[in-house]
Structures are given as C-alpha cells and as structure tokens.
Amino acid sequence: MRPVIKWCVGHAFNRGGNAETVTEHYLPYGSANSVLQLNLDHFCSYCEVFSSDLEVEHVISKEQDSSKKTEWNNFLLACGRCNGKDNKSNKHVDLDNIYLPHSHNTLYIFEYKEGGLVDIHPQVSHKDQLTKANALMDLVGLDKYPGNKKYPATKKHPLGFPENDKRWEHRRAAWEKAKRKLEAFERSEIDANTVAKFAQERGFFSVWASVFYAHPVVISEIVSLFKGTDTTCFDSTSYNSIPRNPKNTSDPI
Ligand SMILES: [Zn+2]
C-alpha cells in the first residue's frame, strides 16, 4: 500500500488558479475531495486503483467519532469498494494499533506477489507489528482473493467474499501489464519515465514497485510521478522500502 504524505493544515497550494491553504475543517467534508486529489493524486489510498470516483474517506468513521467528520487530518481517499459495507465502512479504528498509509510505511508491511496477491510481508515479524499490519489488512480486506483460506466459501459467497469485489482481479491485471513493461524495459525498448507514466495512468503503485524491485531508476520515477508518495520510505540508492519512523525505537515502521 503506497505510503503517502498528507499536506499539513496551513499548507499553501493552487486550486484552479486560486491560491489556497489547507484548512483544519472542510464543511461539507466533500469539499475536501479535490484538495485531497491534488495532494494524493487520483488513487484509492487503500487498494491503489486509479479512479475518477474517489470518496473522502474518514479514517475514524463518522459513527465512531462525529467530531472528526470535517477534520482534514482524518481524511484519506477511498474507492467505493474499500470504503463499502463489506470492507472498511464504519469499522472501529484504534489508531494506536494499526498501520495507516499516511503515518507508516505501508509498502514495507505488505508483500505483493505474482497474480496480484497480497500478504503480510515476512520482514514483519514482531508480534505487535503483525497485529498492526493485520489490523489494516482486515480493515479494508485487501487480501480477498479466491483461494485465501481466511475467507472460507459460503453458499452466498462461493469465493468467500462478494463476487463483485474485483480488486484482486484488477491487481492481477496490473501485475501482468507491469511484467510486460518489465520485459520491454529490460530489452531497452522503453525508458524508466515511460514505465512510470504508464503506471501512473493505471494505478496500483505497489504492484509496479514490486515488479520493478530490481530497478531503482524506475521506482524512483514512479515515486516522483505519483503525487503525495512519501519519499522517506525509500532508500535513496536502492529504492528498497525502509521503515518510515526510524527514530521511534518501539516501532520504526
Ligand atoms: Zn480501494
């Protein structure tokens, strides 16, 4: 999951030719949508799909704490599927016991694999860290793919989850496209910037970062093209994913 850096309250930006600053509250909260997209680009903060139909996502749901309903610091962007009733919706979020893409390196905690599968990364091994990584995975159901034993088949849902949850399939398609671009890149038919532009039009940042793992020049281009990516989450030479909070001795992730 792409680690992003949210603008701070007071940050100056330009919207439609007008100079603005980020405000503490947005009323109605939907008015923050275009600001969020200027900050974080047109991608779901959770599944990373490119979408023209993103919603303002309340990390702490309106049901959990209505006082945060209009608070900029409580917003991300989400697609209807991640934010829908089968996934995040109004689930309770305990900020002390979960990783989130705007405060941790959420690329570091998940492993994206062939077929677009997602799992907890083996480099996450400490018990508390596993708890936080699993909390995010379960919050948005990113690991809902056919055959995952965590979601046993039922009469109503033979896949173990609603059939119209196609996130895994879109991720798989992105993986296949990224692999074809990798072959073309390694044959020197396309350059890093072309790969990154192609990725930006399709989304699924983590898929591209995983497929191009051995090519820091490509990851560097992707990181700079996807607006709002937190560059501190990447080693400046290898572009491998690194913990985001190194000064936090109890949990640097
Ligand atoms: Zn999503």
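Structure's up top.
These figures come from a predicted structure and were not determined experimentally.

For the rest of this paragraph, the subject is the coordination of the zinc ion. Of the protein atoms, only Cys44 (SG), Cys47 (SG), Cys79 (SG) and Cys82 (SG) coordinate the zinc ion, at distances of 2.3 Å. Around the zinc ion sit four donor atoms, and with donor-metal-donor angles ranging over 106 to 117° the site reads as tetrahedral. Positions of the donor residues of the zinc ion along the chain correspond to the pattern C-x2-C-x31-C-x2-C. Highlighted residues: Cys47 in the loop between helix H1 (33-40) and strand S3 (55-58) and Cys82 in helix H2 (residues 80-83), separated in sequence by 35 residues. Exposure remark for Cys47: the relative accessible area of 3% places this residue in the buried category. The class of Cys82 is buried, set by a relative accessible area of 0%.

Another point: the pattern of salt bridges. Any two side chains of opposite charge can pair, on the condition that their charged atoms come close. Taken as a whole and judged by the stated rule, the model has 14 salt bridges. Between Lys150 and Asp143 there is a salt bridge, and its shortest N-O distance comes to 2.6 Å. One salt bridge in this structure joins Arg167 and Asp165, with 2.9 Å as the shortest N-O distance. Overall, Arg167 belongs to the buried group, its relative accessible area being 7%.

For the rest of this paragraph, the subject is the nonpolar core. By size, the foremost hydrophobic cluster in this structure holds 71 residues, and its most contacted members are Cys44, Tyr46, Phe110, Leu136, Leu142 and Phe212. Looking at this core element by element, the count peaks at six residues for helix H5 (residues 167-186). Ignoring anything within four residues of it in the chain, the contact list for Leu142 reads Met1, Tyr46, Cys47, Phe110, Tyr112, Val118, Met137, Arg167 and Arg171.

About the criteria used
Residues numbered from 1 in each chain as written. Predicted model: local features only at pLDDT ≥ 70, side-chain atom pairs only at ≥ 80, totals over all residues. Heavy atoms only, no water. Donors = N, O, S within 2.8 Å, 3.2 Å for Na, K, Ca; no water. Tetrahedral: all angles 85-135°; square planar, octahedral: opposite > 155°, others 65-115°. Helix = DSSP H or I, 4+ residues; strand = E, 2+ residues; numbered from the N terminus. Buried < 20%, exposed > 50% of the residue type's maximum accessible area, 1.4 Å probe, protein only. Salt bridge = Lys/Arg side-chain N within 4 Å of Asp/Glu carboxyl O. Core = buried A, V, L, I, M, F, W, Y, C linked by side-chain atoms within 4.5 Å. Contact = heavy atoms within 4.5 Å.

By themselves, these are just geometric observations and shouldn't be taken as functional.
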